Structure formats: structure tokens, C-alpha cells
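For reference, the chains in residue letters:
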Amino acid sequence: MTAAAAPGPTELRLAPLRQGFDAGFAEAPAAEAAAGEAVLTLRLRGEPFALRLSAIGGLAKGRRVVRLPQSPPGFAGFSSLRGRLLPVWDLAALLGLSPAGDAPWQALAAGPTPWALAFERFDGCLTLDQGGFHPYAGGGPAAAFARQAAWGPDGPRPVLELALLQAGVLALTSSTQEHRSP
Amino acid sequence: MARAEWTFGQRIGAGFALAALVLAVVAAFGHRSSARLIDNDRLVEHTQSVRQEVAGLLSMLKDAETGQRGYVITGDEAFLEPYTQAERTISGALERLRHLTEDDIDQQRRMEQVQPLIASKLAELKRSIDARRTGGFEAARKIIATGRGKELMDQVRQILGDLDQEEAERLQVRFADSEASVRAAQVVMLWGGVLGVLLIAGLGFFIVRTLSREIIGAVGHIQSSSSELQVAANQQSIGSREQVTSITEISSTVSELLATSRQIAESSQRVAHIAGETAQAAGKGDQTVQRASDSVATTRRHMDLIVGHMLDLGKKSQQIGGVLEIINELSEQTNILSINASVEAAGAGEAGRRFAVVADEIRKLADRVGGSTKEIRTLVEEVRAAVNTTVMATEGGAKAAEAGTKQFSELAVSFQGIVGMVGTSREVAREIELSTRQQATAVEQVTLAISNIAKATRETDVSAGQTLQTAKELTQLARVLSRLVQVEAGS
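Here the structure is a predicted model, which means the values were calculated and not measured.

1. So, the overall build of chain A
- The secondary structure content of chain A amounts to 3 helices and 11 strands.
- For chain A, the sequential pattern of α-helices and β-strands runs α-β-β-β-β-β-α-β-β-β-β-β-β-α.
- Each of the 182 residues in chain A was classed as buried or not, and the buried ones make up 37%.
- Excluding contacts between residues fewer than 6 apart, the proportion of contacts in chain A whose partners are at least 24 apart in sequence is 53%.
- Per element, the accessible surface of chain A, about 10,300 Å² overall, is 58% carbon and sulfur.

Rendered as C-alpha cells:
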């Protein structure tokens with residue numbers, strides 16, 4: 001039997017995880033969550049965006065969305081989430097981007113009005129302190145729905161405001177109704 | 001044969017033949033005229049003889065009659081001497097005259113007539129003489145007085161006169177013929193001689209003129225040919241010298257070729273020896289190739305095992321990927337649950353704050369698990385790619401090993417072929433050695449032939465010099481001949 005081989009990069013990566021996981025059982029429970037605000041990071045057509053976790057009522061993936069005939073543009077259909085039937089809107093379409101062919105992720109909006117946003121890719125959750133947020137001064141599709149930009153490890157990304165998105169949805173639905181009424 | 005193709009001898013011969021023909025004609029005419037003249041002379045002489053014989057015969061008869069008269073008158077026997085002489089010779093005269101006139105029927109007829117008359121005359125003379133002797137003068141006178149003697153004498157004179165007249169007329173004719181023959185001979189000889197002289201002169205002029213022209217032309221040709229011959233001889237001499245130089249170089253080259261042929265023969269012998277050793281080495285190489293082919297086949301089997309193991313490893317990697325998908329799904333679900341737990345904790349107010357911390361830690365752990373899962377997926381993909389690459393490389397190696405096996409088989413066949421070809425090469429090398437030795441022998445013969453050629457070339461050079469000298473002499477001779485002929489032609 002020869003001497004033990006030198007640890008590879010995977011072993012080097014697994015070691016701190018294993019130690020952290022083991023150490024987690026030995027640490028005292030945290031008193032409270034770390035200060036700051038958490039945002040969901042996502043991507044639409046490859047561009048980074050963010051949603052405030054406080055504005056989200058839930059996150060789901062792979063829920064079936066039933067499309068309706070003669071739906072307004074950006075309306076993906078209806079879906080069932082947490083025992084409630086709610087409309088699902090395509091976030092990319094609301095931002096004026098080309099509609100996504102496959103948007104498996106749905107973010108349930110918090111608040112009394114049940115509605116959800118569908119998007120393509122979920123990157124993760126990012127918790128930033130107040131220094132991590134800056135006013136959003138960029139243009140593009142997020143200009144009408146973002147006031148701040150969250151600076152994460154991969155750069156700034158506009159933080160979409162659900163209130164503004166909901167207003168846009170309402171404007172879109174009202175214009176559609178006006179368009180349909182003779 | 002055309003006249004232009006006649007040779008000088010033929011032309012001169014023809015000219016002389018023509019002149020000789022003219023002379024022959026003239027001579028023939030002369031000969032004929034002379035012959036006729038001689039014949040006429042002979043006939044004239046014959047006629048003269050006949051006339052003399054006639055005159056003699058008549059004179060004999062007169063002498064006999066004279067003697068008879070003298071004796072009758074005188075009774076003296078001495079007067080009978082003419083009679084006796086005539087009686088003794090007259091028969092010979094008649095015989096000669098008959099002989100001279102035997103080719104003439106008329107004259108013979110006259111001779112037949114005169115001969116009995118003469119006999120009767122002589123008989124009458126004898127009777128009178130006998131009568132004188134025996135009876136005296138009177139008896140003789142009576143016989144004479146009968147006139148028989150005179151009558152016979154007149155008839156004899158008449159016949160002999162006719163005969164003489166006939167001969168005289170013939171003599172006249174023959175004189176005329178002789179004169180005509182002489183004149184004709186003179187004319188023929190004169191004009192024949194003139195014609196012959198003119199013909200010979202014309203032919204001579206024609207032949208000289210023609211021959212002069214042709215000789216001048218021939219001399220011109222000879223001069224030009226001599227000049228060309230000189231040039232050719234000079235060129236031949238130069239060419240012979242260059243040829244001698246070239247032959248010397250060829251001789252040295254052939255000597256080198258001979259040495260090279262011998263070296264080739266020795267090299268071929270060594271090649272045959274090396275070919276034998278190569279055949280043995282090729283046989284050993286064939287065995288080595290067979291062993292190498294077996295090794296390659298073993299390697300191929302090992303590679304097949306490696307491919308099987310690698311394919312199993314690929315399947316295992318796929319299975320790991322499937323497990324990773326499950327883990328990823330779990331981490332994703334955990335993440336979703338933690339987020340939803342955070343949302344719910346936020347909605348629970350102060351009571352949910354600690355739960356929110358736990359949810360946040362769960363989410364972070366899920367994030368780490370998700371990140372690690374991605375890395376593991378990446379690693380598994382790399383492993384799968386490496387496995388695929390290894391499988392492909394191994395299959396390529398297997399194919400290469402298979403190709404190597406095939407190539408080794410071909411190599412074995414090639415080695416066997418090499419063994420055969422090396423044997424053939426050894427035989428060929430031996431044949432080359434033999435051929436090269438024969439070639440060396442042939443080269444020696446060529447060297448000898450070249451030496452002979454060099455000798456012949458030197459002789460050719462000498463001959464060219466002689467030819468040059470001869471051409472110069474010929475040119476000089478042509479000039480002399482041309483000058484002679486032109487002088488002749490001018491004159």
C-alpha cells in the first residue's frame with residue numbers, strides 16, 4: 001500500500017463545507033437574522049434582475065400554467081399555488097422583452113391581490129445591507145419598473161418593484177379591455 | 001542508244017567507220033571497174049589472139065598455096081617447104097582456134113564449116129602436087145584449072161573473114177566497155193575521194209567540236225570536283241584528327257568503363273552475398289513480426305477490455321449525473337423551501353425572526369449544495385467527456401491495433417515477399433555479376449576495336465592527305481587539259 005495521495009481540488013472544496021456543516025451543530029442558534037435586505041436574483045434573456053424578497057409571497061418552480069385564449073399580451077395564464085388560483089404574468093413580456101418560451105419559475109406577489117410573475121432563470125437569494133443598494137439610473141426595459149440597483153458579486157442588477165409591475169399589469173389589462181369593448 | 005550517251009571511242013569509231021564505209025564503197029567501185037577493165041583486157045587479148053590465129057591460119061593456107069604453085073610451076077621440091085611447113089602446123093592452128101572460140105556458138109559453127117574446107121583445100125593442094133610429081137605440069141594444071149582450089153580458098157577466106165569480122169566487132173565493143181569502165185572508175189574514185197575527204201573533214205570537225213565541248217565541261221566538272229574534293233579532304237583530315245582525339249577520349253572512357261565493370265562485378269558478388277544474409281535476416285524479421293503481431297493482438301484485447309471498462313465508467317458517470325440531478329432538484333427545492341420559509345417567517349413577525357435565521361441558513365446551505373452540485377455536474381461532465389475521449393481514443397487505439405495487426409499481417413506477407421525478392425535479387429545479382437564479366441570482356445573487345453578504329457582513322461588521315469594531294473594534282477591536270485582543249489577549240 002503506498003502513501004495516501006495528495007487531496008484533489010474536490011476534496012479541498014468539500015473539506016470546508018464538511019467542517020462548516022459539522023460546526024453548525026456545535027454553534028449556538030443565532031439570535032436574529034443578519035441585518036440587511038434579501039433580494040431574489042434572476043435573469044431574463046440573460047440580463048440580471050432582482051426582486052425584493054419582502055415583496056414576494058412565495059417561490060415555486062414547474063407549476064403548470066393554463067393558458068387562455070385571447071389572452072392579453074404578457075399574460076401567461078392561470079396557475080395554482082398554495083391552494084389559490086392566481087394569474088401568472090410573463091415578467092419578460094411586461095418589461096418589453098421578447099416573450100420567454102419557457103418560464104418555469106413563478107414568484108407569488110405578496111399582498112392581498114393574488115398574482116404571480118413567471119421568469120426563466122433563478123440565480124439565488126442575495127442579502128445586502130443598505131450600502132448594497134443604489135439608485136437605478138440606467139435605461140433599458142427596467143427603467144420604468146426599477147428605482148434601485150442591487151450590487152452583488154456579479155455587478156449591479158435593477159431591483160424590480162412589484163408595485164410598479166402591478167400598475168403596469170393593470171394598465172395593460174384596462175387598455176386591453178378598452179380595446180375589446182366596442 | 002542515244003547519240004549523247006555515246007562514248008568518245010564510239011563516236012570516233014563511228015566517224016572512222018563511216019569514212020571507211022565511204023572508202024570501201026569507192027574501193028569497191030574501183031575494184032569492180034578494175035575487174036571489168038581486166039576482164040575487157042583479157043577479152044580484148046583473147047579477141048586479138050583469135051584474130052591473130054585467124055590471120056595465121058589464113059597465112060598458112062597462103063603459104064601452102066604459094067609452095068604448091070611454086071612446085072607446080074618449077075617442079076623444084078624446094079618450093080614445097082612453105083607447103084610442108086603449113087601442112088605440119090595448120091592442124092595445131094585449127095585446134096588453138098577451136099579452143100579459143102569454144103565459148104562462142106557462132107564461131108564454133110564457123111569453125112565446123114571452115115575445118116572441112118581447109119582439109120579439102122589441103123587435099124586439093126596435095127593432089128595437084130602429087131599430080132605434078134607423077135603426071136607433070138599438065139596434070140597439075142588440069143587439076144588447078146578446075147578452079148576447085150580457088151573456090152575452096154574463097155569459101156575459107158569468106159568464113160575466116162566473117163569470123164575475124166565478128167571478133168573485130170567484139171573488140172570494138174570491148175574497147176568501148178573498157179573505156180566506159182575506166183571513166184566510171186575515174187568518176188567514182190574522184191567523187192568518192194572528194195566525198196570521203198569532205199565526210200572525214202566534217203566528222204573530224206564535228207567530233208572535235210563535240211568532244212572539245214564535253215571535255216571542257218568535264219574539265220570544269222573535274223576542277224569543281226577537285227576543289228570540292230580538296231575541301232572534303234581537308235574536312236576529312238580535320239575530322240580524322242578530331243576523331244582520333246575523340247577515339248583517344250573514348251578509349252580512356254572505355255578503360256574506365258572496364259574498370260567500373262570489374263568493380264560492378266565485384267559489387268554484384270558482394271550484393272549477392274549481402275542478399276543471402278538479408279534473406280536470413282528477413283526470415284528472422286518474419287518471426288519477429290509474427291511475435292509482434294501476437295503482441296498487438298494481445299494489446300487489442302486489452303484495449304477492448306479498457307473500452308468495456310470505460311463504457312461502464314461512462315454509464316456510472318451517467319448514473320452519477322442522474323443522482324446529481326436529484327441532488328440538484330433537492331437543493332433547488334430546499335432553496336425554494338427556505339425562501340418560502342423566509343417569506344413565511346417574515347410574515348410571522350417577531351416570532352418568525354429566528355425561524356427566518358434558520359431558513360436563511362438552510363437557504364445558504366442549499367445554495368452551497370446547489371453550487372457544489374453544479375461543480376460536481378461540471379466534473380461529472382468532464383469525467384464523461386474524458387471517458388468519451390478515452391473511449392474514442394481507446395477505440396481509435398483498438399482500430400489502430402487492429403490496423404496494426406492487419407499491417408503486421410501485411411508486413412509478414414511483405415517480409416515473405418521480401419525473402420522471395422531478396423532471393424530473386426541474389427539471383428539477379430549473380431546474373432549481373434556474370435553479365436558484367438561478359439560486359440568487361442566485351443569492353444576489352446571494344447577497346448581492341450577502338451584501337452583498330454584509331455589506327456584506321458590515322459590511315460584515313462594519311463589517305464585524306466594523299467587525297468588532298470591527288471585533288472591538287474587533278475586540279476592542275478584539269479587546268480592543263482582545259483588550256484589544251486580551249487587552245488584546240490580556239491584554233
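That shown, we press on.
2. Some remarks on the sheet that holds strand E1 (residues 37-44) of chain A
Residue and element names in this part refer to chain A.
- Across the sheet, 6 strands lie side by side as E8-E1-E2-E11-E10-E9; this open sheet has mixed pairing. Of all strands in the sheet, those with a lone pairing partner are strand E8 (121-128) and strand E9 (133-135), marking the two edges. Shown here is a sheet whose adjacent strand axes are inclined to one another by a mean of 35°, direction ignored.
- Here strand E2 (residues 47-52) pairs with strand E11 (residues 155-160) via 2 bridges, running parallel. Residue Leu51 lies in a different strand from E11, and its bridge partner there is Leu160.

3. Focus: the pairing of strand E4 (residues 75-81) of chain A
Residues and elements named next belong to chain A.
- Counting buried positions over the 7 residues of E4 gives 5, a clear majority of the element.
- Direction of pairing for E4 relative to strand E5 (residues 84-90): antiparallel, over a ladder of 6 bridges. For Ser80, the partnering residue across the bridge sits in E5 and is Leu85.

4. Points about the nonpolar core
- Membership of the largest hydrophobic core comes to 34 residues, with the highest contact counts inside it found for Leu44, Leu91, Leu95, Phe119, Leu160 and Leu165 of chain A.
- Looking at this core element by element, the count peaks at 4 residues for E1 of chain A.

5. Quick look at a nonpolar patch on the surface
- There is a patch of nonpolar side chains on the surface, built from Val187, Leu190, Trp191, Val194 and Leu198 of chain B and spanning about 520 Å² of accessible area.
- In this fold, Val187 of chain B is placed in helix H4 (residues 148-347).

6. Some points on the interface of chain A and chain B
- Of the residues lining the interface, 23 residues belong to chain A; the matching set on chain B comes to 20 residues.
- Of the roughly 1,800 Å² buried between chain A and chain B on both sides combined, carbon and sulfur atoms contribute 57%.
- Summed over the shared surface of chain A and chain B, the number is 1 salt bridge.
- A salt bridge links Glu332 of chain B to Lys61 of chain A; the shortest N-O distance between them is 2.6 Å.
- In this assembly, chain A and chain B are joined by 3 residue pairs in polar contact (both at pLDDT 80 or more).
- Listed by contribution, the elements that provide at least two residues to the side of chain A that touches chain B are helix H1 (9-26), strand E3 (56-61) and E8 of chain A.
- In terms of residue count, the dominant contributor to the side of chain A that touches chain B is E3 of chain A (6 residues).

7. Digging into helix H3 (residues 105-145) of chain B
All names here are of chain B.
- Helix length check: H3, at 41 residues, gives a terminal C-alpha distance of 36 Å against a target of 60 Å (1.5 Å per residue), a shortfall beyond 12%.
- At Gly135, H3 shows its maximal kink, close to 145°.
- The opening residue of H3, the one whose side-chain oxygen lies 3.1 Å from the backbone nitrogen of Asp106, is Asp104.
- Positive phi shows up at Gly147, right after H3, with a value of about 75°.

8. Quick look at the packing of helix H2 (residues 81-100) of chain B against H3 of chain B
Residues and elements named next belong to chain B.
- Put simply, H2 and H3 touch, their axes get as near as 11 Å, and they point 170° apart. One way to sum up the angle between H2 and H3 is to call them roughly antiparallel. Contacts from Tyr83, Ile90, Leu94, Leu97 and Arg98 of H2 reach H3 at Gln108, Met111, Glu112, Gln115, Ile118, Leu122, Leu125, Lys126 and Ile129.
- When its residues are assigned to classes, the contact of H2 with H3 shows 9 nonpolar, 2 polar and 3 charged.

9. With respect to the pattern of salt bridges
- All chains considered together, the criterion is met by 36 salt bridges over all chains.
- Measuring nitrogen to oxygen at the nearest pair gives 2.6 Å for the salt bridge that ties Arg157 of chain A to Asp154 of chain A.
- Look at Arg157 of chain A and you get buried, because its relative accessible area is 3%.
- Measuring nitrogen to oxygen at the nearest pair gives 3.9 Å for the salt bridge that ties Arg42 of chain B to Asp39 of chain B. Of this pair, Arg42 of chain B and Asp39 of chain B both sit in helix H1 (residues 8-74), 3 residues apart, which is roughly one turn of the helix.

10. Re the packing of aromatic side chains
Residues and elements named next belong to chain A.
- Per the stated rule, a full pass over the model turns up 4 aromatic pairs over all chains.
- Look at Trp105 and Phe119: their rings are 6.5 Å apart centre to centre, the planes differ by 10°, and that puts the pair in the stacked class. With Trp105 in strand E6 (residues 105-109) and Phe119 in strand E7 (residues 116-119), this residue pair connects regions lying 14 residues apart in the sequence.
- Between Trp105 and Phe122 the ring centres are 5.0 Å apart and the planes differ by 45°, which places this aromatic pair in the tilted class.

11. Some points on the sheet that holds E5 of chain A
- Pairing is mixed in the open sheet, where 5 strands are placed in the order E3-E6-E7-E5-E4 (chain A). Either end of the sheet is taken by a strand with one partner, and the two such strands are E3 and E4 of chain A. Each adjacent strand pair in this sheet contributes to an overall mean axis angle of 30°, direction not counted.
- Sheet analysis places E6 of chain A next to E7 of chain A, joined by 4 bridges and oriented antiparallel. Bridge assignment links Trp105 of chain A to a residue of E7 of chain A, and that residue is Phe119 of chain A.
- Contacts from H4 of chain B reach E3 and E6 of chain A within the one sheet, and its direction differs from that of E3 of chain A by about 165°.

12. Side note on the pairing of E3 of chain A
Residues and elements named next belong to chain A.
- Of all 6 residues in E3, 5 are buried; the element is thus mostly enclosed.
- Two strands pair when backbone bridges link them, and E3 and E6 are joined in this way by 5 bridges, in the antiparallel orientation. Bridging from a neighbouring strand, Lys61 pairs with Trp105 of E6.

Parameters and conventions
- Just so you know, the residues in each chain are numbered from 1, in the order the chain's sequence is written.
- In the order they appear in the text, chains get letters beginning with A and ligands get numbers beginning with 1.
- Since the coordinates come from a predicted model, pLDDT governs what is reported: local features require at least 70, and pairs of side-chain atoms require 80 or more to be given and counted, while whole-chain, interface and lining totals use all residues.
- Hydrogens and water molecules were not included; the side-chain quantities draw on all heavy atoms of the structure.
- Secondary structure elements are taken from DSSP: a helix is a run of H or I of four residues or more, a strand is a run of E of two residues or more, and numbering for both begins at the N terminus.
- A 1.4 Å probe rolled over the protein chains alone gives each residue an accessible area, and that area as a share of the maximum for its type sets the label: buried under 20%, exposed over 50%, partly exposed in between.
- Residues count as neighbours in contact if any of their non-hydrogen atoms are within 4.5 Å of one another.
- Per-residue and other accessible areas follow the Shrake-Rupley method at a 1.4 Å probe size, with only the shown protein chains counted as cover for residues.
- Any two strands are treated as partners once DSSP identifies two or more bridges connecting them.
- All axes are obtained by fitting lines to C-alpha atoms, using only the stretch in contact for helices, and the reported angles, taken between N-to-C directions, cover 0 to 180 degrees.
- For the purposes of this section, nonpolar cores are sets of buried Ala, Val, Leu, Ile, Met, Phe, Trp, Tyr and Cys residues that join through side-chain atoms within 4.5 Å.
- Grouping into patches uses exposed residues only, defined as over 30% relative accessible area, and leaves out salt-bridged ones; the cut-off is 9 Å for like charges and 5 Å for nonpolar side chains (Val, Leu, Ile, Met, Phe, Trp, Tyr).
- Within this document, salt bridges are pairs made up of a side-chain nitrogen of Lys or Arg and a carboxyl oxygen of Asp or Glu, the two lying within 4 Å of each other.
- The term buried area denotes the loss of accessible surface (1.4 Å probe radius) that occurs when two parts are joined, taken as the sum for both partners.
- The term polar contact refers here to a pair of N or O atoms within 3.5 Å; inside protein, the definition further demands a hydrogen-donor-capable atom paired with an acceptor-capable atom, and it admits residues adjacent in sequence only when both atoms are side-chain atoms.
- Here the expected length of a helix is defined as 1.5 Å per residue gap, with one fewer gap than residues.
- Two axes enter the definition of the bend at a residue: one is fitted to the seven residues ending there, the other to the seven starting there, and the bend is the angle between them.
- Oblique is the label for any angle not under 35 degrees, not over 145, and not in the 65 to 115 range, which are roughly parallel, roughly antiparallel and roughly perpendicular in turn.
- Each residue gets one label: Ala, Val, Leu, Ile, Met, Phe, Trp, Tyr, Cys and Pro are nonpolar, Asp, Glu, Lys and Arg are charged, and the others, such as Gly, are polar.
- Only rings of Phe, Tyr and Trp enter the pairing, Trp through its six-membered ring, and a pair is recorded when the two centres are within 6.5 Å. The plane angle decides the type: under 30 degrees is stacked, over 60 is edge-to-face, the rest tilted.

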